[in-house]
Amino acid sequence: MTQALKQTGIFKGRTRVPYAYGCFGYTRGDGKTWHGGIDLVGMDDDTICMPYYENGDGTQRAIRGTVTRARKVDKASGDRTWEWGWYICVQLDADQTPDAVNFLYFCHNEKLLVKAGQKVISGTPLAVMGNSGNAALNDPPYKHCHLEVRATATGVGLDPTRYSGTKNAVGTYGTAALPAPEPADPPMAAQLQTLCILDAGEDIVAKAQALGLPVRPVQGFEIGPASSGDAMTLWGMAQAAGKPYYASYTEE
Ligand SMILES: [Zn+2]
C-alpha cells in the first residue's frame, strides 16, 4: 500500500515556513507591515486541512468548529480582506482549546472545499493552497497559506504555532512519509479492542462518538476500547472508505 503522510499543522507531510508570524520587514509596506499570521507551504500535499491543537507536551487534540466565511472579497469593495484572496474562516466551538483563540483564517487559496455553515473537525479538507489575493503580488508569486488565529473576528493575529505544526521560524517541519502499518484482520468477536484508523475522517469519528466510545487523535484516530460489535461497525466504515486501519487488542 502507499505510504501514509501524517498531518502536521494544516498539511499532510512536510510544511515549509518561508515567513514567520509577528515579523516586520517583509516586502509589503516597505518593510513596515506587521505580519499577523504565519505563511505555510505544503511540500508533499497542497490540500489545507483543519489542524489539530498541539497541547504543548508533544500530544495533540482534535478540535471542532464551524465555517463562518468561505469567500473572496473584491479589491474594489475597499474591504481589506481582499488581500486574503479566497479564504476560509473557522470559528471554534466552545472550550476546544485552553488558549484565547476562537477564529482560524486560511488565506490565499486556489480553491475552497467547504461552505459557510459547515461543521469541521481536525483533518477535514478545507481548501487547496494557492496565491490569490495579495499573494499574487509576490515576485515571483508562490503558493502558500497565510494562517492567522484570532480571539475575535476583528482582533489582531495571535501566535499560531499551536495550530501550524511548526515553530515560528523559517524552516521545514514534519515528516515526508511514515511507513504505513499493516492493515489488520477484521475485529475479532468477544474481545474489547482499540481501533487505530489513519485519516479516519469526520463520519467515522462521529459514529464512534455516537456509540459513546473514547476517541483520541494519535496518528489518525485511536478509538476504543470498543465491543466487537462496535469495532466491526467502524471497521466496516473504514474498509468502505479505503481508510488504512490497524487494531490493537485490549485484554478484558
Ligand atoms: Zn502571510
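Scroll up to find the structure.
Residues numbered from 1 in each chain as written. Predicted model: local features only at pLDDT ≥ 70, side-chain atom pairs only at ≥ 80, totals over all residues.

Novice: Honestly, the overall build of the protein chain in this entry has me stumped. Any pointers?
Specialist: Looking only at helices and strands, the protein chain has three helices and 19 strands in total. Per-residue burial over the protein chain gives 38% buried out of 252 residues. Within the protein chain, contacts between residues at least 6 apart in sequence are counted, and of these 67% link residues at least 24 apart. (Helix = DSSP H or I, 4+ residues; strand = E, 2+ residues; numbered from the N terminus. Buried ≥ 20, exposed ≤ 12 C-beta atoms within 10 Å, placed from the backbone. Contact = placed C-beta atoms within 7 Å.)

Novice: Explain the sheet that holds strand β8 (residues 64-72) here, please?
Specialist: Through backbone hydrogen bonds, the strands of a sheet pair up, either in parallel or in antiparallel fashion. On the basis of which strands lie adjacent, the open sheet formed by eight strands has the order β12-β8-β9-β10-β14-β4-β3-β15 and antiparallel pairing. Since the sheet does not close on itself, it has two edges, and those belong to β12 (119-121) and β15 (171-173), each with one partner. Across this sheet, the average inter-strand angle for adjacent strands is 30 degrees, counted without regard to direction. Bridge analysis of strand β4 (residues 38-42) against strand β14 (residues 145-150) gives three bridges, and the strand direction is antiparallel. Bridging from a neighbouring strand, L40 pairs with C145 of β14. (Pairing = 2+ DSSP bridges. Axes fitted to C-alpha atoms, helices over the stretch in contact; angles between N-to-C directions.)

Novice: Would you mind going over unusual backbone geometry with me for this structure?
Specialist: With glycine set apart, most residues show a phi of negative sign, and most peptide bonds adopt trans. Backbone torsion omega between D139 and P140 reads -5 degrees, so that peptide bond is classified as cis. Along the chain, P140 falls in the loop between β13 (125-128) and β14. Notably, D95 is not glycine yet its phi reads approximately 60 degrees, a positive angle. When you line up the elements, D95 lands in the loop between β9 (86-92) and β10 (103-109). Judged by the 6 C-beta atoms lying within 10 Å of it, D95 is exposed. With a phi angle near 70 degrees, H108 is a residue other than glycine that sits in the positive phi range. Of the residues examined, H108 has 27 C-beta atoms within 10 Å and is grouped as buried.

Novice: Sorry, what's going on with the pairing of β8 here?
Specialist: Every other side chain in a regular strand lies on the same face of the sheet, so the side chains alternate between the two faces. Both β8 and β12 contribute to a ladder of three bridges, which runs antiparallel. Residue pairing in the sheet places R64 in a bridge with I121 of β12.

Novice: What exactly am I supposed to notice about the environment of L92 here?
Specialist: Mapped onto the elements, L92 comes out in strand β9. Along the chain, L92 and R64 lie 28 residues apart, while their C-alpha atoms are 5.9 Å from each other. Not counting residues within four places of it along the chain, the set of residues in contact with L92 comprises I63, G65, T97, V101 and N102.

Novice: Whenever I open this one, the sheet that holds strand β5 (residues 47-49) confuses me. Can you help?
Specialist: The three strands are arranged β5-β13-β11 in an open sheet whose pairing can be described as antiparallel. The sheet terminates laterally at β5 and β11 (111-112), the two strands that pair on one side only. In terms of strand pairing, β11 meets β13 through two bridges, oriented antiparallel. From the neighbouring strand, L112 faces β13, where its bridge partner is A127.

Novice: Looking at this model, I keep getting lost on the packing of helix α2 (residues 202-210) against helix α3 (residues 228-240). Mind explaining?
Specialist: Any two packed helices are characterised by the angle at which their axes cross and by the distance between the axes. As a packed pair, α2 and α3 sit with axes 10 Å apart at the nearest point and diverge in direction by 175 degrees. By the angle class used here, α2 and α3 are roughly antiparallel. Facing D203, I204, K207 and A208 of α2, the residues of α3 in contact are T233, L234, M237 and A238. A class-by-class count of the residues in the contact of α2 with α3 yields five nonpolar, one polar and two charged. (Parallel < 35°, antiparallel > 145°, perpendicular 65-115°, else oblique. Nonpolar A, V, L, I, M, F, W, Y, C, P; charged D, E, K, R; others polar.)

Novice: Would you explain the pairing of β9 in this entry?
Specialist: Burial within β9 is extensive, with five of its seven residues counted as buried. As judged from the seven bridges shared by β8 and β9, these two strands associate in the antiparallel manner. Bridge pairing links A70 to I88 in β9. Direction of pairing for β9 relative to β10: antiparallel, over a ladder of five bridges.

Novice: Help me understand the nonpolar core, please; the structure alone is not making it clear to me.
Specialist: One recurring pattern in soluble globular proteins is that nonpolar side chains are buried together. If you look at the biggest cluster of nonpolar residues, it comprises 37 residues, and the most contacted ones within it are I48, Y87, I88, Y105, F106, L126 and C145. Once residues within four sequence positions are removed from consideration, F106 is found in contact with I48, Y87, I88, L126, A127, C145 and L147. (Core = buried A, V, L, I, M, F, W, Y, C linked by C-beta atoms within 7 Å.)

Any link to function would need more than the numbers given here.
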